[in-house]
Amino acid sequence: MSPEDAHRLIHAHTTVQSLKLVPELKLRLAVRPQKIWEDIERVATDPLAARPFWAFAWPGGQATARFLLDNPQWVAGKSVLDLGCGSGIGAVAALRAGARRVVANDIDPLAVHAAALNAQINGVVLDTSTQDLL
């Protein structure tokens, strides 16, 4: 899937939303969860990209983001790897908390694209990687 196709697909199925646990961040999240799953399964050529886990703000990611924003000393001035970044919520929070550099990594190219879009929405820039680091 080309970056342009990924961009269109993400924008077609998500809206920018605030989160209750982390209201200072905004993410592109699924509007109709079942529809996004069905449409992505239909167009994905890679089985890993057929599961849009990146389109949801999972509780663990929200808790990690909240922790980093409340405790910036853990990441301020450091390099951070967000492994299995999904939506990129942890990566975005680390940058907002003062991390020097953040790499958002996921084996799903759509997740990495979504993480980059979410970083842009939040006024930060992160590096991305789809390399299987495990």
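Here, every reference points to the structure presented above.
The following refers to the structure shown.

How each quantity is defined
- Residues numbered from 1 in each chain as written.
- Predicted model: local features only at pLDDT ≥ 70, side-chain atom pairs only at ≥ 80, totals over all residues.
- Heavy atoms only, no water.
- Phe/Tyr/Trp six-rings, centres within 6.5 Å; stacked < 30°, edge-to-face > 60°.
- Helix = DSSP H or I, 4+ residues; strand = E, 2+ residues; numbered from the N terminus.
- Buried < 20%, exposed > 50% of the residue type's maximum accessible area, 1.4 Å probe, protein only.
- Pairing = 2+ DSSP bridges.
- Axes fitted to C-alpha atoms, helices over the stretch in contact; angles between N-to-C directions.
- Contact = heavy atoms within 4.5 Å.
- Patch = residues over 30% accessible without salt bridge, like charges linked within 9 Å, V, L, I, M, F, W, Y side chains within 5 Å.
- Areas by Shrake-Rupley, 256 points an atom, 1.4 Å probe, with all protein chains shown as cover.
- Salt bridge = Lys/Arg side-chain N within 4 Å of Asp/Glu carboxyl O.
- Arc of directions from axis to C-beta.

### As for the packing of aromatic side chains
(1) Moving on: Considering all chains together, one arrives at four aromatic pairs under this definition.
(2) Moving on: Where Trp37 meets Phe53, the ring centres are 5.5 Å apart and the plane angle is 80 degrees; that geometry is what we call edge-to-face. Linking Trp37 in helix H2 (residues 33-43) with Phe53 in the loop between H2 and helix H3 (59-70), this pair joins segments that are 16 residues apart in sequence.
(3) Moving on: With relative accessibility at 44%, the residue Phe53 sits in the partly exposed group.
(4) Moving on: Consider the rings of Phe67 and Trp74, whose centres lie 5.8 Å apart with planes at 55 degrees: the pair is tilted.

### What to know about the sheet that holds strand S4 (residues 101-105)
(1) Moving on: The strand order across the open sheet built from three strands is S3-S4-S5, with neighbouring strands paired in parallel fashion. Of all the strands in the sheet, the pair left with one neighbour each is strand S3 (79-83) and strand S5 (127-129). Between one strand axis and the next, the sheet turns by 20 degrees as a mean value, whatever way the strands run.
(2) Moving on: Relative to S5, S4 runs parallel, the two sharing three bridges. Directly across from Ala104, in S5, lies its bridge partner Thr128.
(3) Moving on: Where helix H4 (residues 89-96) meets the sheet, it contacts S3 and S4, and its direction lies at approximately 175 degrees from that of S4.

### Here we look at a nonpolar patch on the surface
(1) Moving on: Where nonpolar side chains cluster on the molecular surface, the patch consists of Leu81, Leu83, Leu133 and Leu134 and spans about 440 Å² of accessible area.
(2) Moving on: Relative to the helices and strands, Leu81 resides in strand S3.
(3) Moving on: A relative accessible area of 47% places Leu81 in the partly exposed class.

### Considering H2
(1) Moving on: Three or more residues of H2 are buried, namely Ile36, Asp39 and Ile40. Seen along its axis, H2 keeps its buried residues to an arc of 95 degrees; they face one direction. Seen from the buried face of H2, the exposed residues on the opposite side, beyond 90 degrees, are Gln34 and Arg42.
(2) Moving on: Each element contacted by the buried residues of H2 is listed here: helix H1 (3-13), strand S1 (14-18), strand S2 (26-30) and helix H5 (109-121).

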